Amino acid sequence: MTGPLPAPGLPALLNGPTRPGVYRLPPSDSPAHVAAAAAEADWRVARLRLEGVQDKTAFLERCAAELDLPEWFGRNWDALADCLMDLSWWRETGKFRGYLLIAEDWDAFAKAAPGAARTAESVLADAVDFWADREAPLTVLLS
């Protein structure tokens, strides 16, 4: 489902022909560098730090805290999907060229909770597909 970020990498994603998707962040790119470059390209960025997350409950709690999800977030997969397909809670005054979610320490989470990681990845991919052809798409980078 998830593949590497196609060449020529981040610039093509932020400014060029690379379609929105759920991609693997190349090891040579740090999440901090990517977040800064995306913000400079007028993308709204969120970093989801998954260090120490080992199950579904912790993943959803971390999403609530790190993504600043709305109070109505029900801490289940359907509620996460609803939030990611709404994004009104994430928008600020003004327009962005796109929305970028960087999920850090993804491999450790996937190793600790493979079923939850597969479900989370599916929810993320569905949200990316939903926003793909809109004015401000959503892209997810797993690092």
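Residues numbered from 1 in each chain as written. Predicted model: local features only at pLDDT ≥ 70, side-chain atom pairs only at ≥ 80, totals over all residues. Heavy atoms only, no water.

### Describing the pairing of strand β3 (residues 43-49)
With respect to burial, β3 is a largely interior element, 5 of its 7 residues being buried. Strand direction decides the pairing type here: β3 and strand β4 (residues 98-104), joined by 7 bridges, are parallel. Residue Arg 44 lies in a different strand from β4, and its bridge partner there is Tyr 99. (Buried < 20%, exposed > 50% of the residue type's maximum accessible area, 1.4 Å probe, protein only. Helix = DSSP H or I, 4+ residues; strand = E, 2+ residues; numbered from the N terminus. Pairing = 2+ DSSP bridges.)

### Comments concerning the sheet that holds β4
Judged by pairing direction, the sheet is parallel, and its 5 strands sit side by side in the order β1-β2-β5-β4-β3 without closing on themselves. On the outer flanks of this sheet lie β1 (3-4) and β3, each paired with one strand and no other. Two elements, strand β2 (residues 22-24) and strand β5 (residues 138-142), share 3 bridges in a ladder whose sense is parallel. Looking at the pairing, Val 22 lines up with Val 140 of β5. This element, helix α2 (residues 31-40), spans β3, β4 and β5 of the sheet and lies at about 160° to β3. (Contact = heavy atoms within 4.5 Å. Axes fitted to C-alpha atoms, helices over the stretch in contact; angles between N-to-C directions.)

### Thoughts on the side chain of Glu 104
By secondary structure assignment, the location of Glu 104 is in strand β4. For Glu 104, a relative accessible area of 10% corresponds to the buried category. Leave out the neighbours within four places in its chain, and Glu 104 touches Pro 31, Arg 47, Leu 48, Arg 49, Leu 50 and Ser 143.

### Digging into the packing of aromatic side chains
Summed over the entire model, instances satisfying the criterion amount to 8 aromatic pairs. For the ring pair Phe 59 and Phe 109, a centre distance of 4.9 Å and an interplane angle of 10° mean the geometry is stacked. Of this pair, Phe 59 sits in helix α3 (residues 56-66) while Phe 109 is found in helix α5 (residues 106-112), placing the two residues 50 residues apart along the sequence. Accessibility expressed as a relative area gives 0% for Phe 109, which makes it buried. Taking 5.3 Å as the distance between ring centres and 40° as the angle between the ring planes, the aromatic pair formed by Trp 90 and Tyr 99 counts as tilted. Every member of this aromatic cluster is reached through a ring pair, and the members are Phe 59, Trp 77, Trp 106 and Phe 109. Across from the ring centre of Phe 130, 4.0 Å away, lies the NZ or CZ of Arg 134, which sits over that ring. Arg 134 extends its terminal NZ or CZ atom over the ring of Trp 131, reaching a point 5.6 Å from the ring centre. (Phe/Tyr/Trp six-rings, centres within 6.5 Å; stacked < 30°, edge-to-face > 60°. Lys NZ or Arg CZ within 6 Å of the ring centre and 35° of its normal.)

### With respect to the packing of helix α4 (residues 77-86) against helix α6 (residues 114-131)
It is the contact of α4 with α6, at a shortest axis distance of 9 Å, that shows an interaxial angle of 25°. On the basis of their axis angle, the class for α4 and α6 is roughly parallel. Judged by the sense of rotation from one axis to the other, the crossing of α4 with α6 is right-handed. Residues Trp 77, Leu 80, Ala 81, Leu 84, Met 85 and Asp 86 of α4 lie in contact with α6, whose contacting residues are Ala 116, Thr 119, Ala 120, Val 123, Leu 124, Asp 126, Ala 127, Phe 130 and Trp 131. (Parallel < 35°, antiparallel > 145°, perpendicular 65-115°, else oblique. Left-handed = near helix turned anticlockwise from the far one by under 90°.)

Fair warning: the whole summary comes from geometry, so function is off the table for now.
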